[in-house]
Amino acid sequence: AERQHSQEPSFQLISCDVARQYELPVLKKLGVRAVFDKRLSFRVFGVVDEGSKKSTFYTWSELDGRCGANVICSMLFEYLTKNMSLWGQSSTVALQFDNCKGQNKNHTVLRLLAFLLLVFPEELHTIETHFMIPGHTKFSPDRHFAFLRNTLRQRELYSPQHVIETVRSLKGECASHWLDDIARMDRMSFRDWTAYLSQIF
């Protein structure tokens, strides 16, 4: 897939993964465990364009939804529909995932990709899916998650929105070489793709 991406301009190689769970707030100056009995779980879904080597992060908290097929499909739909106009017509898109069944390797994700081919026949010619073998070594999203983790490590973080504002403030500085954008998803952003797509396929 990487060789084909370098040879064909209409071939788009995209890598996707979910980062480890963060907890908020992060207070360096206070004893956080003494102040909070429970912190807010915060998740990041990373999408890396292997052509530009830049990533788009989608973030959400445990209050917005759990990390399952509907959440992943909502963010995939958001990314692909936003970017397909930049790729030109009749693009072939190859998506690289890890082997997590509950998030990536399931009927809902595959049905969503088939749905996109039906709805956008001029923009999308083919969508391929590639799943990393179990026990695989790190791939592009993992490297970008490490960039994000190092960016946030020494900073106090109060809320999901504060994380986004902090990362965006660094986009023109240390994050310019790997970050394209970071977006906040909420419960209104997530659709029940499983129920909807089961009526079509």
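This one's a predicted model, so the numbers in the text were calculated from it and none came from an experiment.

Enquirer: What am I meant to see in the overall build of the chain here?
Expert: Across its full length, the chain holds 7 helices and 7 strands. The buried share among the 201 residues of the chain stands at 47%. Summed over all atoms, the accessible surface of the chain reaches about 10700 Å², with 50% contributed by carbon and sulfur.

Enquirer: Looking at this model, I keep getting lost on the pattern of salt bridges. Mind explaining?
Expert: For side chains bearing opposite charge, pairing can occur when the charged atoms are close. A full pass over the atoms with the stated rule returns 5 salt bridges. Residues R184 and D64 are paired through a salt bridge, measuring 2.8 Å at the closest nitrogen-oxygen approach. Here the residue R184 occupies a position in strand β7 (residues 179-184), and D64 occupies one in the loop between β4 (54-61) and α3 (69-87), the gap between them amounting to 120 residues. You can call R184 partly exposed: its relative accessible area is 31%. The class of D64 is buried, set by a relative accessible area of 14%. Residues joined in a network through salt bridges with shared partners are K82, R168 and D181.

Enquirer: Would you mind showing me how to read the side chain of D17 here?
Expert: Tracing the chain through its elements places D17 in strand β1 (residues 11-18). An unpaired buried charge is present at D17: no salt bridge exists, and K138, the closest side chain of opposite charge, is 7.5 Å distant. Residues in contact with D17, not counting those within four places in the same chain, are V44, F45, G46, D98, F139, P141, D142 and F145.

Enquirer: Looking at this model, I keep getting lost on the layout of surface pockets. Mind explaining?
Expert: Picture a little ball the size of a water molecule; that probe, rolled over the atoms, points out where space is still empty. Quantified by volume, the largest pocket comes out at close to 180 Å³. R20, Q21, Y22, E23, V26, K28, R149, L152, R153, R155 and L157 are the residues that line the largest pocket. Contributing elements (two or more residues each) for the lining of the largest pocket: β2 (22-24) and α5 (140-152). A breakdown of the residues in the lining of the largest pocket according to their chemical character gives 4 nonpolar, 1 polar and 6 charged.

Enquirer: Looking at this model, I keep getting lost on α5. Mind explaining?
Expert: Residues three or four positions apart in an α-helix share a direction because the helix packs 3.6 residues into each turn. End to end, α5 covers 19 Å across 13 residues, agreeing with the expected 18 Å (1.5 Å per residue, within 8%). Tucked inside the fold, the buried residues of α5 contact β1, β2, β3 (40-49), β4 and α6 (160-169).

Enquirer: Help me out: how do you make sense of unusual backbone geometry in this one?
Expert: Excluding glycine, residues mostly have negative phi values, and the peptide bonds linking residues are mostly trans. Between L24 and the following residue, P25, the backbone shows a cis peptide bond with an omega angle of 0 degrees. The topology assignment puts P25 in the loop between β2 and α2 (32-35). Phi angles above zero are rare outside glycine, and K53 is one such case at about 60 degrees. Relative to the helices and strands, K53 is located in the loop between β3 and β4. Taking relative accessible area as the criterion, K53 reaches 40% and is therefore assigned partly exposed.

Calculation criteria
Residues numbered from 1 in each chain as written. Predicted model: local features only at pLDDT ≥ 70, side-chain atom pairs only at ≥ 80, totals over all residues. Heavy atoms only, no water. Helix = DSSP H or I, 4+ residues; strand = E, 2+ residues; numbered from the N terminus. Buried < 20%, exposed > 50% of the residue type's maximum accessible area, 1.4 Å probe, protein only. Areas by Shrake-Rupley, 256 points an atom, 1.4 Å probe, with all protein chains shown as cover. Salt bridge = Lys/Arg side-chain N within 4 Å of Asp/Glu carboxyl O. Lys, Arg positive; Asp, Glu negative; His and termini not counted. Contact = heavy atoms within 4.5 Å. 1 Å grid on protein atoms, 1.4 Å probe; cavity = no way out; pocket = protein on both sides within 12 Å on 5 of 7 lines; lining within 4 Å. Points joined across faces, edges and corners; volume = space filled by probe spheres on them. Nonpolar A, V, L, I, M, F, W, Y, C, P; charged D, E, K, R; others polar. Expected span 1.5 Å × (residues − 1).

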